[in-house]
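Chain by chain, the residues run as shown.
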Amino acid sequence: MNSCVVGLQWGDEGKGKVVDILAEQCDIVVRYSGGANAGHTVVIGDDRFALHLLPSGSIRPDTICVIANGVVVDPDVLSNGIDKLAEKDISMDGRLFISENVHVVLDYHKKEDQLREKALGKNKLGTTIRGIGPCYADKVGRSYAVRMADLRDLKKLKARLKTIVEYKNKVLGAVYGAEPMNADEIFEKCKSYADKLLPFIADTTEYLHTAITSGKSILFEGAQGSLLDLDHGTFPFVTSSNSSSLGMPAGCGVPARLVDKFVGVVKAYSTRVGAGPFPTEQENETGQYIRDKGNEYGTTTGRPRRCGWFDSVAVSYAVTIGAIDSVAMMHLDTLAGLKELKICMAYKINGREKTFFPANTEKLLQASAVYETVPGWDEDLSEVTDFYDLPVNAQDYICRIEELIGRPITVIGVGPKRSQTIFR
Ligand code: GDP
Ligand code: IMO
Ligand code: MG
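Residues numbered from 1 in each chain as written. Chains lettered and ligands numbered in written order. Predicted model: local features only at pLDDT ≥ 70, side-chain atom pairs only at ≥ 80, totals over all residues. Heavy atoms only, no water.

**Things to note about the sheet that holds strand E5 (residues 64-67)**
Strand pairing in a sheet relies on backbone hydrogen bonds. The paired strands run either parallel or antiparallel.
Turning to step 1, where the next piece is worked out: Strand order in this open sheet of ten strands is E9-E7-E5-E2-E10-E1-E11-E15-E19-E20, and the pairing throughout is mixed. What marks the edges here is a single partner per strand, and that holds for strand E9 (201-202) and strand E20 (421-423).
Turning to step 2, where the next piece is worked out: Pairing analysis gives four bridges linking strand E2 (residues 28-31) to E5, with the strands arranged parallel. Within E5, the position partnered with Ile28 by the bridge is Ile64.
Turning to step 3, where the next piece is worked out: Across the sheet, helix H7 (residues 204-213) touches E2, E5, strand E7 (96-99), E9 and strand E10 (218-225), and the angle it forms with E5 is around 140°. (Pairing = 2+ DSSP bridges. Helix = DSSP H or I, 4+ residues; strand = E, 2+ residues; numbered from the N terminus. Contact = heavy atoms within 4.5 Å. Axes fitted to C-alpha atoms, helices over the stretch in contact; angles between N-to-C directions.)

Shown next, in the form of structure tokens:
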């Protein structure tokens, strides 16, 4: 059985927790898109792991982890991730495979990301400044791209870096007045990345197909959320990869037809980090209540997350484009204490009600949410393990959302720990 887990909102839905739990049934967990912009949290006992590039199966010592071709890898972040796990006696040796075709995020990518965001001022996208956009741009542009396989031939890489850094210095200097970067320094870093990471490099497409043929079970782990998808999200306020499940086949070379189950992850409300339209946003006491209770601060950047009501128009769209079979809803516990809850069931745009999400930022900015109001609950849910032990209003909330999005909610999160999960 192969499955794929993706976020159905704007990221941070709780994918890390869900992947960690489902990884118990799997042999291999694969990251296939995005980069160190992701922050996936896994909480085990008193330990809290924030994974940026390593798949969320890494914490399980027998799970094979693959970073497939669609990911952009910052070697610094990846090396740190491997070292941090080693400090907890979790070794990645012999069970981490990094595609030789992943593109490498280098200092000039992060610098360009930072300079561009600064120059845009109030029009900035609110990126994570992890160099994601500039690295994917180099991938598409081809001429100045560096892939993991390039670390194998350091002599050739040294010459290429000289050309690339010369070009970057000219562009960043002319556009932003940036100080020039030193190609030799970047090359020296690449040498140390080669020492550390070359033992993990492999042809991951061959590896995955061989594994599938021999009956291994694979879990594909999405990063970001479907509404941040480059082609199908709220462009330009998106990330630079196909972060819905549509990005999975291209991101790892395994066709979607070989995936038995697509699992979508949502929060019981909505959050978004960075700029862009957010029709159900609550810039008020309710939003602050959710932020405080749900600890809604970015795993990667620490930024406060924007918070709002559950949006069934947006989630139904993500379900539809992602061929989602079932849904895991996290953070139900966070809503406790709110007298009433609102669920967005349609948008009003130019006086007309619409239930199909318009992935067009101009239209979305004009959309006002049409809500249904349902009663809340006061009880603490963090110890509940059975759906029927939830307060009736919480059960009804889940069932109403199932009706609106047309898919069963089979996993419910009532806290960050593995044990704080209800299966139906
Ligand atoms: P991801 O990017 O989708 O993996 O999500 P993040 O890790 O960035 O953010 C989700 C946050 O919610 C993390 O701090 C998790 O530990 C936490 N979390 C996950 N599920 C639940 C839940 O059901 N309840 C609560 N209260 N916290 C949760
Ligand atoms: P996980 O995997 C939430 C957002 C950024 C910004 C936009 C573009 O943890 O869910 P980028 O750095 O990708 O160029 O930023 O995308 N973003 C995320 N928001 N969770 C993420 O990842 C995100 N990755 C990128 O905040 O709005
Ligand atoms: Mg996250």
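That shown, we press on.
**Brief notes about the site of ligand 2**
Turning to step 1, where the next piece is worked out: Close to ligand 2 lie 20 residues, the nearest being Lys15, His40, Thr128, Gln224 and Thr239.
Turning to step 2, where the next piece is worked out: Here His40 contributes a side-chain N or O atom positioned 2.7 Å from an oxygen atom of ligand 2.
Turning to step 3, where the next piece is worked out: With respect to ligand 2, the backbone of Val273 contributes an N or O atom lying 3.0 Å from an oxygen atom.
Turning to step 4, where the next piece is worked out: A total of 550 Å² of accessible area belongs to ligand 2 in isolation, and the protein chains cover 97% of it.
Turning to step 5, where the next piece is worked out: Considered class by class, the residues forming the shell around ligand 2 number seven nonpolar, ten polar and three charged. (Near = heavy atom within 4 Å. Polar contact = N/O pair within 3.5 Å; in protein donor to acceptor, adjacent residues only side chain to side chain. Areas by Shrake-Rupley, 256 points an atom, 1.4 Å probe, with all protein chains shown as cover. Nonpolar A, V, L, I, M, F, W, Y, C, P; charged D, E, K, R; others polar.)

**Some remarks on the side chain of Ser33**
Turning to step 1, where the next piece is worked out: Among the structural elements, Ser33 can be located in the loop between E2 and strand E3 (40-44).
Turning to step 2, where the next piece is worked out: Every residue in contact with Ser33, bar those within four places of it in the chain, is listed here: Gly70, Val71, Tyr136, Ala223, Ser241, Asn242 and Ser243.

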